[in-house]
Amino acid sequence: MLARKSIIPEEYVLARIAAENLRKPRIRDRPRKARFIAKNGACNLAHKNIREQGRFLQDIFTTLVDLKWRHTLVIFTMSFLCSWLLFAMMWWLVAFAHGDMDPSTESATNSTKWTPCVTCVRSFTSAFLFSIEVQVTIGFGGRMMTEECPLAITVLILQNIVGLIINAVMLGCIFMKTAQAHRRAETLIFSRQAVIAVRNGKLCFMFRVGDLRKSMIISASVRIQVVRKTTTPEGEVIPIHQVDIPVDNPIESNNIFLVAPLIICHVIDKRSPLYDISAADLALQDLELIVILEGVVETTGITTQARTSYVAEEILWGHRFVPIVTEEEGVYAVDYSKFGNTVKVAAPRCSARELDEKPSILIQTLQKSELSHQNSLRKRNSMRRNNSIRRSNSMRRTNSSLIVPKVQFITPEGSQSASET
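What you see as residue numbers is a count from 1 along each chain, following the sequence as written. Given that the model is predicted, a residue must reach a pLDDT of at least 70 before its local features are reported, and side-chain atom pairs must reach 80 or more before they are shown or counted; all residues, however, enter totals for whole chains, interfaces and linings. As a rule here, side-chain values come from all non-hydrogen atoms in the structure, and water together with hydrogens is ignored.

Asker: Lay out the overall build of the chain in plain terms, naming residues and giving numbers.
Answerer: What the chain contains, in helices and strands, is 11 helices and 16 strands. The classification of residues rests on relative accessible area computed with a 1.4 Å probe and restricted to protein chains. Under 20% of the type maximum is buried, over 50% is exposed, and intermediate values are partly exposed. Each of the 421 residues in the chain was classed as buried or not, and the buried ones make up 29%. Secondary structure elements are defined from DSSP: runs of H or I of at least 4 residues count as helices, runs of E of at least 2 residues count as strands, and each element is numbered from the N terminus.

Asker: Give a detailed account of the packing of helix H4 (residues 69–98) against helix H7 (residues 150–178), specifying residues and quantitative values.
Answerer: Axis angles are defined between N-to-C directions and span 0 to 180 degrees, where every axis is a line fitted to C-alpha atoms and, for a helix, only to the segment in contact. At a closest axis distance of 11 Å, the pairing of H4 and H7 adopts a crossing angle of 175 degrees. One way to sum up the angle between H4 and H7 is to call them roughly antiparallel. Classifying every residue of the contact of H4 with H7 gives 18 nonpolar, 6 polar and 1 charged. To sort the angles, those under 35 degrees are grouped as roughly parallel, those over 145 as roughly antiparallel, those from 65 to 115 as roughly perpendicular, and the leftovers as oblique. Three classes are used: nonpolar for Ala, Val, Leu, Ile, Met, Phe, Trp, Tyr, Cys and Pro, charged for Asp, Glu, Lys and Arg, and polar for all others, with Gly counted as polar.

Asker: Describe the layout of surface pockets, naming the residues involved and giving the relevant values.
Answerer: Estimates place the volume of the largest pocket at around 530 Å³. If you go around the largest pocket, you meet 20 residues; those closest to its centre are Asn40, Gly41, His182, Ala185 and Glu186. Looking at the lining of the largest pocket, the elements with two or more residues in it are helix H8 (181–184), strand S1 (188–190) and strand S9 (303–311). Split into classes, the residues belonging to the lining of the largest pocket amount to 8 nonpolar, 7 polar and 5 charged. The distinction between a cavity and a pocket rests on a 1 Å grid over the protein atoms alone: a 1.4 Å probe fits inside a cavity but cannot get out, while a pocket stays open yet meets protein on both sides within 12 Å along at least five of seven lines, and a residue with an atom within 4 Å of a point counts as lining. Grid points are joined across faces, edges and corners, and a volume is the space filled by probe spheres set on the points.

Asker: Would you mind going over the pairing of strand S8 (residues 287–297) in detail, with residue names and values included?
Answerer: By the criterion of burial, S8 is predominantly enclosed, with 9 of the 11 residues buried. A pair of strands counts as paired when DSSP detects no fewer than two bridges linking them. The pairing of strand S4 (residues 217–231) with S8 spans 10 bridges and is classified as antiparallel. Residue pairing across strands places Gln225 opposite Ile290, the latter belonging to S8. Note that S8 and S9 share 9 bridges and pair antiparallel.

Asker: Would you mind going over the state of the cysteines in detail, with residue names and values included?
Answerer: Covalent bonding between the sulfur atoms of two cysteines defines a disulfide. In this description, the term disulfide denotes a pair of cysteine sulfurs within 2.5 Å. Taken as a whole and judged by the stated rule, the model has 1 disulfide. Between the sulfur atoms of Cys117 and its disulfide partner Cys149 the distance amounts to 1.6 Å. When the S-S torsion is -50 degrees, as for the bridge of Cys117 with Cys149, the disulfide is left-handed. Taken together, the residues span a long stretch of sequence, with Cys117 in the loop between helix H5 (104–110) and helix H6 (124–135) and Cys149 in the loop between H6 and H7 at a distance of 32 residues. Neither Cys117 nor Cys149 differs from the other in exposure class; each is buried.

Asker: Before we move on, can you summarise the pairing of strand S5 (residues 237–245) with the specific residues and values?
Answerer: Direction of pairing for S4 relative to S5: antiparallel, over a ladder of 7 bridges. Within S5, the position partnered with Arg228 by the bridge is His241. Counted along the chain from S4 to the antiparallel partner S5, the turn is 5 residues long, and its residue Gly235 has a positive phi close to 95 degrees.

Asker: Give me the lowdown on the pattern of salt bridges, citing residues and values where you can.
Answerer: Think of a salt bridge as a Lys or Arg side-chain nitrogen and an Asp or Glu carboxyl oxygen that are within 4 Å of each other. Throughout the structure, instances matching the rule amount to 8 salt bridges. Its salt-bridge partner being Lys202, residue Asp356 comes within 3.7 Å of it at the nearest N-O pair. Taken together, the residues span a long stretch of sequence, with Asp356 in helix H10 (residues 352–357) and Lys202 in strand S3 (residues 202–211) at a distance of 154 residues. Given a relative accessible area of 39%, Lys202 falls into the partly exposed group.

Asker: Give a description of a nonpolar patch on the surface that names residues and reports values.
Answerer: Distance thresholds for patches are 9 Å for like charges and 5 Å for nonpolar side chains (Val, Leu, Ile, Met, Phe, Trp, Tyr), applied to residues having over 30% relative accessible area and no salt bridge. All accessible-area figures derive from a Shrake-Rupley calculation using a 1.4 Å probe, and residue coverage is judged against the displayed protein chains alone. A contiguous nonpolar patch, built from Leu57, Ile60, Phe61, Ile153, Ile157, Ile161, Ile165, Val169, Phe175 and Met176 and spanning about 900 Å² of accessible area, is present on the exposed surface. Elements supplying a minimum of two residues to the nonpolar patch: helix H3 (60–66) and H7. The dominant element in the nonpolar patch, judged by the number of residues it contributes, is H7, at 7 residues. Within the secondary structure, Phe61 is located in helix H3.

Asker: Could you give an account of the packing of aromatic side chains, naming the residues involved and the relevant values?
Answerer: The criterion for an aromatic pair is that two Phe, Tyr or Trp rings (for Trp, the six-membered ring) have centres within 6.5 Å, with stacked assigned to planes under 30 degrees apart, edge-to-face to planes over 60 apart and tilted to the rest. This model, assessed by the stated rule, comprises 7 aromatic pairs. Summarising the aromatic geometry, the rings of Phe205 and Tyr310 are spaced 6.3 Å apart at their centres and angled 75 degrees between planes, so their arrangement reads as edge-to-face. Here Phe205, found in strand S3, pairs with Tyr310, found in strand S9; they are 105 residues apart in sequence, far enough to count as distant. Comparing Phe205 with Tyr310, the two get one shared label, buried. Look at Phe207 and Tyr310: their rings are 5.9 Å apart centre to centre, the planes differ by 40 degrees, and that puts the pair in the tilted class. Of this pair, Phe207 sits in strand S3 while Tyr310 sits in strand S9, and the two are 103 residues apart along the sequence. In this structure Phe207 comes out as buried when scored by relative accessible area, which is 0%. Given the relative accessible area of 0%, Tyr310 is considered buried. The rings of Phe205, Phe207 and Tyr310 are connected pair by pair, giving a single aromatic cluster. Here the guanidinium or amino end of Lys177 rests over the ring plane of Trp69, the centre of that ring lying 5.1 Å away. Positioned over the ring face of Phe339 is Arg208, at 5.9 Å from the centre of the ring. For a Lys NZ or an Arg CZ to count as sitting over a ring, it must be within 6 Å of the ring centre and within 35 degrees of the ring normal.

Next up, the structure:
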């Protein structure tokens, strides 16, 4: 059968489709740039084509500490086994060279005419067991060394030294792996988002940092760096250009007392890379702000470092962090459920440069926010009045409906009595 022709002409359908495509603008998402520092502080960097691999063996202790736990345990297990087997072979050779392996010497030993180097070492298995006893200082009383062979004394001293070195390296690596600096940084938290708002008449970039432990970070300091791709006037492209930006801190040493969550503030002035960026330009900027918190752990004395970063999508313009520290019964309480909560406040949408050139912009913004606040209060008051009037009217209606009418009772004598119930 032939297909039925459409009732609507084909030219009209094509025109309608074209009109719909014109009405709906096509928005192409900007390719997301890879972060240099992840939110958890890990560096998003891959090292490739390293030819000089021998440099890692020159610093063997750091290499062992940087390895994963399973690799470290396998290396130490193989180190102990290899050392036991090596010295077991040496003990066996000493016994074989002295003639302790000869079966005819067993009867001579019992008659006290023959003294072996190590008693009860008759095979490689017994030599391996004696090697383990010497290195881990466990003696079962069956095998012991005599003063017959000076070479055996030398092997004993050498094995003790090697065993102490292996134990020292193993204990050092385990201690460093369990007490690494980034372990303490897990309890140093940053707000998921940063804000830009007006503080003391200046546009400021702010974020919140806190410590979950009661043990403090001594001499804690905060640094902020801006990482962006730049091109020099000579045409050189710098993919990771780092620029330090100052932190507003009244203390000259730039140290903070991190006993409670603090809001770190950076004033956007002429020295700041954010000086020419407005609220509309922020979403188009390809930059990343890296925050570094350094300090000494009070309990261990190890220097720790916590890192995070904020990209343009994670910076809220015209917001402020809500207070989370309150005084309850003489104790300052911190509500970490509101750690990253923000509220919207009045802030000019222009850049800091424009705000410095035209200070009236800030005054106009504050006046508009005050008017809007007053209007919102008026609306709330009017709504409350209307609600109260409606409630009073509804109460009157319900009360009027509850009034019971008068009922007349007729007695058998024919007299009428009116009563109210």
